[in-house]
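Understanding the architecture of this molecule
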Amino acid sequence: MKALVAYSSRTGNTRMIADAIAPVLPGEVETVSVECAPQTLDHDFVAIGFWVDKGVPDEQAQEFMKRIRGTVVGLFGTLGAWPDSDHARECMESAVRMMEENDNRVICRFMCQGKVDPQVVEAMARYAPERHPMTPERKARLEEAAKHPDETDTMNAATVFSAAVKEHFALAGRS
């Protein structure tokens, strides 16, 4: 099996998850930022990592995602919100839709919290204070996000991807 783990990371969060996923994938595995990903893809499996920007994968990740067609993929993302929130689910669903529109098969997904770039927090406060007020709840969530990804997050990501890839490719007779 030949796999690619491609990620976009602004603060290192998504790269940390990529680095946890790559070693558990079977076969030949290449890990690269989306900017350095090969133009031609001939991989059996592509894991795509993104950070959430305005409710969708960041722009660089989206550009890479548009190039993926007819492939078995796994998606992983990081965001400042709670990973089990409606917002996180909606963000992941938007990524899944992008992939499925290009005839890709999404076999796994993983979302975890991650520290938010202070410049992003500042920009949100400056340009959209009514949408993103610094409430006590938001402050607590950002403080918690700053502690992630942690060891539990990386282990969970590895477990999700390992199990999904083993199951899919075993069922396909390609274990």
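Structure report, in brief. Residue numbers here run from 1 along each chain, matching the order of that chain's written sequence. The predicted nature of this model means local features are confined to residues of pLDDT at least 70 and side-chain atom pairs, given and counted, to a pLDDT of 80 or more, with totals for whole chains, interfaces and linings taken over all residues. Side-chain descriptors were evaluated using all non-hydrogen atoms of the structure, hydrogens and water having been removed beforehand.

Section: the overall build of the chain
What the chain contains, in helices and strands, is six helices and six strands. Reading the chain from its N end, one meets helices and strands in the order β-α-β-β-β-α-β-α-β-α-α-α. Expected size for 175 residues packed as a compact globule is a radius of gyration near 16 Å; at 16 Å, the chain falls within 12% of this value. Projecting the C-alpha coordinates of the chain onto the three principal axes gives extents of approximately 50 × 30 × 25 Å. Burial status follows relative accessibility: with a 1.4 Å probe on protein chains alone, a residue under 20% of its type maximum counts as buried, one over 50% as exposed, and anything between as partly exposed. Sorting the 175 residues of the chain into buried and exposed places 46% on the buried side. Residues are treated as being in contact if the distance between any of their heavy atoms lies within 4.5 Å. A sequence separation of at least 24 residues applies to 80% of the contacts in the chain between residues at least 6 apart. Side-chain charges of the chain comprise 20 positive and 27 negative groups, with the mean position of each set lying 2 Å from the other. Elements are defined by DSSP. Helices are runs of H or I of four residues or more, strands are runs of E of two residues or more, and each kind is numbered from the N terminus. As defined in this context, the radius of gyration uses C-alpha atoms, and a globule is described by 2.2 Å times the residue total to the power 0.38. A residue counts as positive if it is Lys or Arg and as negative if it is Asp or Glu; His and the chain ends are not included. Note that the charge is assigned to NZ on lysines, CZ on arginines, CG on aspartates and CD on glutamates.

Describing the pattern of salt bridges
Pairs can form between side chains of opposite charge once their charged atoms are near each other. Take a side-chain nitrogen of Lys or Arg and a carboxyl oxygen of Asp or Glu: if they are within 4 Å of each other, that pair is a salt bridge. One pass over the structure, following the stated rule, counts nine salt bridges. Arg 109 is the salt-bridge partner of Glu 93, the closest N and O atoms lying 2.4 Å from each other. On the criterion of sequence distance, the pair formed by Glu 93 in helix α3 (residues 86–100) and Arg 109 in strand β6 (residues 105–113) is long-range, its members being 16 residues apart. Overall, the relative accessible area of 32% leaves Glu 93 in the partly exposed class.

Concerning the layout of surface pockets
Looking at the largest pocket, its volume works out to about 800 Å³. Taken together, 28 residues line the largest pocket, and the ones lying closest to its centre are Val 52, Asp 53, Lys 54, Val 120 and Met 124. Those elements that place two or more of their residues in the lining of the largest pocket are α1 (13–21), β3 (45–53), β5 (72–79), α4 (118–127) and α5 (136–145). Each residue gets one of three labels, nonpolar for Ala, Val, Leu, Ile, Met, Phe, Trp, Tyr, Cys and Pro, charged for Asp, Glu, Lys and Arg, and polar for the others, Gly among them. Residue composition of the lining of the largest pocket, grouped by class: 10 nonpolar, 10 polar and eight charged. In this analysis a 1.4 Å probe is tested at points of a 1 Å grid over the protein atoms alone, and where it fits but cannot get out there is a cavity; an open set with protein on both sides within 12 Å along at least five of seven lines is a pocket; lining residues have an atom within 4 Å of a point. Grid points are joined across faces, edges and corners, and a volume is the space filled by probe spheres set on the points.

A closer look at the pairing of strand β1 (residues 2–7)
With respect to burial, β1 is a largely interior element, five of its six residues being buried. By the convention used here, strands pair only if DSSP detects at least 2 bridges between them. When β1 meets strand β2 (residues 28–33), the two strands line up parallel, connected through six bridges. Bridge pairing in β2 places Val 5 opposite Thr 31. Following the backbone out of β1, through α1 and into the adjacent parallel β2, one traces a crossover that is right-handed. Two elements, β1 and β3, share five bridges in a ladder whose sense is parallel. Looking at β3, one finds that Ala 6 is bridged to Ile 48. Seen with the strands pointing away from the viewer, any crossover whose path from the first strand over the helix to the second strand runs clockwise is right-handed.

Overview of the nonpolar core
Residues Ile 48, Phe 50, Phe 64, Leu 75, Met 99 and Met 111 are the most contacted members of the largest nonpolar core, which totals 25 residues. Listing elements by their share of this core, those giving two or more residues are β1, β3, α2 (59–67), β5, α3 and β6. When residues of this core are assigned to their parent elements, the largest contribution, six residues, is made by α3. Beyond its immediate sequence surroundings of up to four residues, Met 111 is in contact with Phe 50, Val 52, Gly 77, Thr 78, Leu 79, Pro 83, Ala 88, Cys 91 and Met 92. Side-chain atoms within 4.5 Å link the members of a nonpolar core, which is a set of buried Ala, Val, Leu, Ile, Met, Phe, Trp, Tyr and Cys residues.

Function cannot be read off these values alone, since they describe shape.
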